[in-house]
Amino acid sequence: MTDTDSQAQLVKYLTDVHSIEEQARVQMERAPKLVEGPFAEAFQRHLGETESQERRVRERLEAHDASPSKVKDLAGSAGGFGMVLFARSQPDTPGKLAMHAFSYEHMEVAAYELLGIAAREAGDEATVAMAAVIADEEREMAGRIAASWDEAVEQALARVEPDDLGDTLNTYLADVHALEGQSQKLLEKSRELDVPEALRSALDRHLRETEGHLEKIERRLDDRGATPSAIKDAMLRLGALNWGAFFAAQPDTPAKLAGFAYAVENLEVAAYELLLRVARRAGDGETVILAESILAEEEAAAKSVAAQWPVSMSV
């Protein structure tokens, strides 16, 4: 990569993270209104951090005689509204908000880690340092959300009658089944993309795990006299196909795929954290064991994908 290419790539990554912060700002402004107590305070605290992050990124763009992308920023803001509206529309709003916010924070971690690699390639140590600091801030926010899993479930189940906990648990099982189906389709589509062998190996390994997860969840639903949600499964699989087309069109496909896969794995981590707690409330020990087992594999898969970020940026 020439100096000109590396500078252009760095500016592109800076505009990407700026649009991500615009989306995060919209989420942080509205999320506290959807939950209560310390959980809401975590979002309020991160709003100030997000505003500071946006400012720091904009300053680095100005240092390169560049400016934020209006198109990307508008798309980011629209995405922020969409996530909040989705969470608000769900019967278990606090749980859905926690799940998607946890995934989003990890998407930001990935974006800043990749930005740091691009900045190092371009010889911009100021941006390298900024990216490292903000990545740590995003990890801290993800940790605050994770510390609120119990509270999110308590708030989500506050209006659920004890006799209805079984049906609610079935809904959470159907949710993770749909997420696993989305992951399966995304991983299958990734096989059509030109990515480094190490990243390909990590994704293929998790594809096999994902296929096993689907089978186990289906059996658990069947044992409970329930079935997957055909509508949820179809919607998320379609979304995965659209994402596959998006990655194929990117000039930096491996890096974008590695970053997004990391966020998807953490979305699943969050889903299983919630399922685990709902299963405990419902007294379903078998689902507790299943959730704990798959949760460990999702966490390991996320770490495996993250380990490939340097390789994905070298292509």
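Residues numbered from 1 in each chain as written. Predicted model: local features only at pLDDT ≥ 70, side-chain atom pairs only at ≥ 80, totals over all residues. Heavy atoms only, no water.

Novice: Describe a negative patch on the surface, with residues and values.
Specialist: Together, Glu161, Asp163, Asp164 and Asp167 make up a negatively charged patch on the protein surface. Locating Asp167 in the fold gives a position in helix α7 (residues 165-190). (Patch = residues over 30% accessible without salt bridge, like charges linked within 9 Å, V, L, I, M, F, W, Y side chains within 5 Å. Areas by Shrake-Rupley, 256 points an atom, 1.4 Å probe, with all protein chains shown as cover. Salt bridge = Lys/Arg side-chain N within 4 Å of Asp/Glu carboxyl O. Lys, Arg positive; Asp, Glu negative; His and termini not counted. Charge placed at Lys NZ, Arg CZ, Asp CG, Glu CD. Helix = DSSP H or I, 4+ residues; strand = E, 2+ residues; numbered from the N terminus.)

Novice: Just give me the short version of the environment of Met141, but keep the residues and values in it.
Specialist: Note on placement: Met141 falls in helix α5 (residues 125-146). When its relative accessible area of 0% is taken as the criterion, Met141 is described as buried. Apart from residues lying up to four places away in sequence, Met141 is in contact with Met28, Ala42, Phe43, His46 and Glu105. (Buried < 20%, exposed > 50% of the residue type's maximum accessible area, 1.4 Å probe, protein only. Contact = heavy atoms within 4.5 Å.)

Novice: Residue-level account of the packing of helix α2 (residues 37-63) against helix α4 (residues 93-122), with values.
Specialist: At a minimum axis distance of 13 Å, the contact between α2 and α4 shows a crossing angle of 25°. Taken together, the axes of α2 and α4 are roughly parallel relative to one another. The two elements α2 and α4 cross, and the hand of that crossing is left-handed. Contacts between α2 and α4 involve Phe39, Phe43, His46, Gln53 and Val57 from the former and Pro94, Leu97, Ala98, Ala101, Glu105, Glu108 and Tyr112 from the latter. Taken together, the residues of the contact of α2 with α4 sort by class into eight nonpolar, two polar and two charged. (Axes fitted to C-alpha atoms, helices over the stretch in contact; angles between N-to-C directions. Parallel < 35°, antiparallel > 145°, perpendicular 65-115°, else oblique. Left-handed = near helix turned anticlockwise from the far one by under 90°. Nonpolar A, V, L, I, M, F, W, Y, C, P; charged D, E, K, R; others polar.)

Novice: Break down the environment of Tyr272 for me, citing the residues and quoting the values.
Specialist: Within the secondary structure, Tyr272 is located in helix α10 (residues 253-282). Taking C-alpha positions, Tyr272 is 5.7 Å from Ala291, a pair spaced 19 residues apart along the chain. Among residues more than four places away in sequence, those in contact with Tyr272 are Val176, Glu180, His213, Ile217, Ala291, Ile294, Leu295 and Glu298.

Novice: So what about the confidence of the model for the protein? Which residues, and what values?
Specialist: Model confidence for the protein is summarised by a mean pLDDT of 88, while 87% of its residues fall at 70 or above. Per-residue pLDDT, averaged within each element of the protein, yields its smallest value for helix α3 (residues 70-89) (50) and its largest for helix α11 (residues 285-306) (98). Low confidence marks residues 76-82, where pLDDT is under 50. Its contacts with residues over four positions away, or in another chain, come to 12 contacts. (pLDDT = per-residue confidence, 0-100.)

Novice: Describe the nonpolar core, with residues and values.
Specialist: Residues Phe43, Ile217, Tyr272 and Leu275 are the most contacted members of the largest nonpolar core, which totals 45 residues. Broken down by secondary-structure element, the contributors of at least two residues to this core are α2, α4, α5, α6 (149-156), α7, α8 (197-223), α10 and α11. Filtering out sequence-adjacent residues up to four positions away, Phe43 remains in contact with Met28, Ala31, Pro32, Val35, Leu97, Ala101 and Met141. Core analysis: the second largest hydrophobic core is formed by 40 residues, Tyr104, Met130, Leu193 and Ala302 among them. (Core = buried A, V, L, I, M, F, W, Y, C linked by side-chain atoms within 4.5 Å.)

Novice: Mind laying out the pattern of salt bridges, listing which residues take part and the relevant values?
Specialist: This structure, assessed with the given rule, holds 25 salt bridges. Between Lys232 and Asp175 there is a salt bridge; the shortest N-O distance is 2.4 Å. Residue Lys232 is located in helix α9 (residues 230-248), and its partner Asp175 is located in helix α7; the two are separated by 57 residues in the primary sequence. Residue class for Asp175 comes out buried when judged on its relative accessible area of 13%. Linking Arg220 and Asp223 is a salt bridge whose minimum nitrogen-to-oxygen distance equals 3.6 Å. Taken together, the positions of Arg220 and Asp223, both in helix α8 and three residues apart, correspond to about one turn of that helix. With relative accessibility at 10%, the residue Arg220 sits in the buried group. Salt bridges sharing common partners tie together Arg220, Asp223, Arg224, Asp284 and Glu286.

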